[in-house]
Amino acid sequence: MLELYFIRHGESAGNREDRFRGRHDFQLNQNGVRQAEALRDELRGLPFDAVYSSPLSRALKTAQIMADGKIPVTIRDGFNNISLGEWENEFKSTIRENYPDLWQLWRTVPEKLDFPGMETLARVRKRAYSALTSLMKSHEDGRIAIVTHRAVLKPLFAEMLNIPEPYFWKLHIDTAAYSIAEYLPERGFTFTVINQTKHLRDFIREDLG
């Protein structure tokens, strides 16, 4: 059996300031570092074979803190965050005011959202799942971790579980939370934990953006 830990990166200024992040390369803030350290302490003692990360700093730093120099960390572009074009690094309040129709789609059925410079959630779902199945060829059993972003984890989970659209707002994943899935070839994926936050003392619940 292969056990997969899916981890959302720790908090950044973009989370705290209520901005759209996308591929803007926010660093972990001080609380994000503390969250990553709490995650490391929570998972200490578990024998991970490898840790895979998005290339963005907030995910990679989370992965490196979690790995604690004891587990190899490998960047996989397939786990990079969704590209949001001109929305990246903008306050959500600005988007709400300037793009009211698109904002309404984002807060209700973001699976239908598509504008120039944006990567659709359907494309994220496809390439993240492709990245997952590719690395699983090297890990038939054992335990691995994947550190990435909320807008990657939600469509990835939907693909793993064959959840049809709309699915995005039916799943909730906090910063530095972890989820666990098991994989058996004869059964596929089984989630045993989703959005575990018991190790965290301070995190922002982001519901609409």
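Preceding block: the structure.
These remarks concern the structure in this document. Note that the coordinates shown come from a computational prediction; the quantities given were computed from them, not determined experimentally.

### Focus: the overall build of the protein chain
So, step 1. Helices and strands together make up the secondary structure of the protein chain, namely seven helices and six strands.
So, step 2. Listing each helix as α and each strand as β along the protein chain from the N terminus yields β-α-α-β-α-β-α-α-α-β-α-β-β.
So, step 3. The C-alpha atoms of the protein chain give 16 Å as radius of gyration, which agrees with the globular expectation for 209 residues (17 Å, within 12%).
So, step 4. Projected onto its principal axes, the C-alpha positions of the protein chain cover 50 × 40 × 25 Å.
So, step 5. Expressed as a percentage of its 209 residues, the buried residues of the protein chain come to 55%.
So, step 6. Contacts in the protein chain between residues at least 24 apart in sequence constitute 70% of all its contacts with a sequence separation of at least 6.
So, step 7. Just so you have it, the protein chain exposes about 9600 Å², and 46% of that area is on carbon and sulfur atoms.
So, step 8. Charged side chains in the protein chain number 29 positive and 29 negative. The centres of these two groups are separated by 1 Å.

### Quick word on the packing of aromatic side chains
So, step 1. Summed over all chains, the structure comprises 14 aromatic pairs.
So, step 2. Taken together, the ring pairs in this structure connect Phe-20, Trp-87, Tyr-99, Trp-103, Trp-106, Phe-115, Phe-168 and Trp-169 into an aromatic cluster.
So, step 3. Just above the ring of Trp-103 sits the side chain of Arg-96; from NZ or CZ to the centre is 5.8 Å.

### Quick word on the sheet that holds strand β4 (residues 142–148)
So, step 1. Taken together, six strands build an open sheet; the order of strands is β3-β2-β4-β1-β5-β6 and the sheet is mixed. The sheet is open, and its two borders are formed by β3 (73–75) and β6 (188–196), each paired with just one other strand. With direction set aside, neighbouring strand axes in the sheet form an average angle of 20 degrees.
So, step 2. When strand β2 (residues 50–53) meets β4, the two strands line up parallel, connected through four bridges. Within the sheet, the bridge partner assigned to Ala-50 lies in β4 and is Ile-144.
So, step 3. Across the sheet, helix α3 (residues 57–67) touches β1 (2–8), β2, β3 and β4, and the angle it forms with β2 is around 165 degrees.
So, step 4. The sheet strands contacting helix α6 (residues 121–136) are β1, β2, β4, β5 (178–184) and β6, and the helix crosses β1 at an angle near 140 degrees.

### Some remarks on the pattern of salt bridges
So, step 1. Enumeration according to the criterion identifies 13 salt bridges in this entry.
So, step 2. The shortest N-O distance in the salt bridge between Glu-159 and Arg-125 comes to 2.6 Å. Of this pair, Glu-159 sits in helix α7 (residues 150–160) while Arg-125 sits in helix α6, and the two are 34 residues apart along the sequence.
So, step 3. By sharing partners, the salt bridges in this structure join Arg-40, Asp-41, Arg-44, Asp-68 and Lys-70 into a single network.

### Quick look at unusual backbone geometry
So, step 1. Of the consecutive residues Glu-165 and Pro-166, the connecting peptide bond is found in the cis state with omega at -5 degrees.
So, step 2. Relative to the helices and strands, Pro-166 is located in the loop between α7 and β5.
So, step 3. Backbone geometry places Asn-162, a non-glycine residue, at a positive phi of 60 degrees.
So, step 4. Mapped onto the elements of the fold, Asn-162 is located in the loop between α7 and β5.
So, step 5. Using a relative accessible area of 65% as the deciding quantity, one classes Asn-162 as exposed.
So, step 6. Phi at Ala-176 takes a positive value of approximately 65 degrees, unusual for a residue other than glycine.

Each value, and the rule that gives it
- Residues numbered from 1 in each chain as written.
- Predicted model: local features only at pLDDT ≥ 70, side-chain atom pairs only at ≥ 80, totals over all residues.
- Heavy atoms only, no water.
- Helix = DSSP H or I, 4+ residues; strand = E, 2+ residues; numbered from the N terminus.
- Rg over C-alpha atoms; globule rule 2.2 N^0.38 Å.
- Buried < 20%, exposed > 50% of the residue type's maximum accessible area, 1.4 Å probe, protein only.
- Contact = heavy atoms within 4.5 Å.
- Areas by Shrake-Rupley, 256 points an atom, 1.4 Å probe, with all protein chains shown as cover.
- Lys, Arg positive; Asp, Glu negative; His and termini not counted.
- Charge placed at Lys NZ, Arg CZ, Asp CG, Glu CD.
- Phe/Tyr/Trp six-rings, centres within 6.5 Å; stacked < 30°, edge-to-face > 60°.
- Lys NZ or Arg CZ within 6 Å of the ring centre and 35° of its normal.
- Pairing = 2+ DSSP bridges.
- Axes fitted to C-alpha atoms, helices over the stretch in contact; angles between N-to-C directions.
- Salt bridge = Lys/Arg side-chain N within 4 Å of Asp/Glu carboxyl O.

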